[in-house]
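Listed below are the residues making up each chain.
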Amino acid sequence: MKVLFINLAQDRDLSFVLRKKEGLRYNRIGPATPLALQILASLMPPGVYFDIVDDNFEFINYDGGYDLVAMHAHDALAAHRGKVIYERFKQKGIPVVIGGRFIQTIPQEVALECADSCVMSEGEYIWKEIVTDVRKNKLQPVYRSEGLVDLCQKDLPLPRRDIIDNKNYRYITVEIARGCYYHCSFCTAQLLFRGTYRTYPIERIERDLEAVLSNFNQKDNVIYLVDEDISMERDYKIELFRRIEKYHMPWIALSNIAVGEDDELLEAISKSGCRRLYIGFESLEPDNLRLIDKPLTHKIDNYKKNINNIHKHNIEVWGLFIFGLDNDYRGVAKRTLRFVKESNLDYFSASVLTPIFKTKLYYQLEQEGRLISKEWFKYWYKVVYQPKNISVLRLKDEFDYFAKKSRDNVIAAGLIV
Ligand code: B12
Ligand code: SF4
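Keep in mind it's a predicted model, so treat the numbers as computed, not measured. (Residues numbered from 1 in each chain as written. Chains lettered and ligands numbered in written order. Predicted model: local features only at pLDDT ≥ 70, side-chain atom pairs only at ≥ 80, totals over all residues. Heavy atoms only, no water.)

Draft legend 1. Structural context of the pattern of salt bridges. Following the criterion strictly, the structure yields 32 salt bridges and no others. One salt bridge connects R101 with E228, and the closest N-O pair in it is separated by 2.6 Å. Highlighted residues: R101 in helix α4 (residues 101-105) and E228 in the loop between β11 (222-226) and α9 (234-244), separated in sequence by 127 residues. Taking the relative accessible area as the measure of exposure, R101 reaches 30% and is therefore partly exposed. Between E264 and R234 there is a salt bridge whose closest N-O contact spans 3.0 Å. Of this pair, E264 sits in helix α10 (residues 263-271) while R234 sits in helix α9; the two residues are 30 residues apart in sequence, bridging distant segments of the chain. For R234, a relative accessible area of 30% corresponds to the partly exposed category. (Salt bridge = Lys/Arg side-chain N within 4 Å of Asp/Glu carboxyl O. Helix = DSSP H or I, 4+ residues; strand = E, 2+ residues; numbered from the N terminus. Buried < 20%, exposed > 50% of the residue type's maximum accessible area, 1.4 Å probe, protein only.)

Right, dumping it as structure tokens:
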């Protein structure tokens, strides 16, 4: 049996228009290594062969004699691209399965526009079942594993680091944890991981890093430590960072701003090679944070002080903001830019509020009759709901203005870590 893994790029037609408008080029390399597929490859039953193709910069062989095509979609535009590829394999009668975090959030009938079968959970516990079902010619439309994966399980193999070449990527993703204890209303973490937070054993992360670093270029590659919040479970993290200091590798990750209040943790993070933290500030309006159930550790009054402290540890901060929350008015972009300047943020970007399907925010807006569109492929940088105190057009203008300024900021800095 032969499987083709595809890491889906963003839909070329849709993103081409956007990229052209923005004066950006196509990717020459993929943004990040396709970790989900490297994990599935490690769980391949004996006697099954596979190829892996990255749609960001490689061509798909539609005549490779495959028995199954397994696609990974990172976001809405990637799923849209999956739909196009699915149509071609369908004509040849080759079954296609699609998975990824975005897929888990859309209704299954919608996901089935992109493949014969969709995966509505983590992949580890159901991958072998999918392969077995294809062998019996009995692929199910939906797969969902019951429990969450036990990341400490002894027989869980390491992701197959040998099947891709790091030189084709900027970010090398290494997972250290899954989930989050918090419940922000717009986020998928609660929906997928039910308020749990699981970490991998440190010794396993070390082995994974050693495999990654054997094919690592200090000049072009950066490790992306995959974790919703690098400051969660601080004692475990301090121990982890002290143990990985020896690798002298540059890394980046997502964090909660409260990390700026913890010098011991910051010191461990900094010494282990952290170059930059991505922090979701979301909004400068306290009422907005309350509305989206942001945790109480997230204090607007401490933003500047905490950024300053993170800088003292020689770590850059990339601030992330959301526009279009219920207490946003005309001028939100200018106000945010003023904050960016005053707080000395190194980089910054914003998104318009996206009520991802199945989240608390989505149901709230649906109940209030404020969803303008339910077309799933628009759930990416488009205003798909009626904002409360600003018109849709004005919100778009605010976003475009801010996006232009953020791009200038990123381009000026050379997009390097
Ligand atoms: C690394 C990363 C990036 C990287 C690289 C992305 C890439 N295309 O390669 C960068 C920094 C570029 C990035 C950018 C963005 N990202 Co991003 N990113 C992540 C991050 C942190 C890790 C992804 C990862 O490796 N996860 C670990 C793997 C193992 O998990 P997984 O992919 O879910 O796979 C499991 C299952 O889903 C399943 N599975 C997955 N695929 C398949 C396929 C099959 C066949 C099967 C059987 C199973 C299966 O099995 C796997 C193992 O259990 C996630 C958050 C997270 N913790 O996952 C966000 C995340 C995926 N990103 C997100 C977003 C929104 C974006 C942006 C749009 C953000 C923005 N506003 O600019 C951009 C645009 C992306 C783009 N295409 O350009 C959201 C997606 C939300 C959603 N539901 O749509 C996430 C979930 C973050 C969040 N909390 O909001 N991102
Ligand atoms: S803290 Fe971050 S990962 Fe956790 S629920 Fe909120 S937005 Fe999601």
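Draft legend 2. Geometry of the pairing of strand β5 (residues 96-99). With burial as the criterion, each face of β5 is covered, one bearing V96 and I98 and the other bearing V97 and G99. The pairing of strand β4 (residues 68-72) with β5 spans four bridges and is parallel. Bridge pairing in β5 links H72 to G99. (Pairing = 2+ DSSP bridges.)

Draft legend 3. Local environment of helix α8 (residues 202-213). In this model, α8 (12 residues) spans 16 Å end to end at C-alpha, consistent with the 16 Å of a helix rising 1.5 Å per residue. Restricting attention to buried positions, one finds in α8 the residues I202, R204, I205, E206, D208, L209 and V212. Where α8 is buried, its residues meet β8 (169-175), β11 and α9. (Expected span 1.5 Å × (residues − 1). Contact = heavy atoms within 4.5 Å.)

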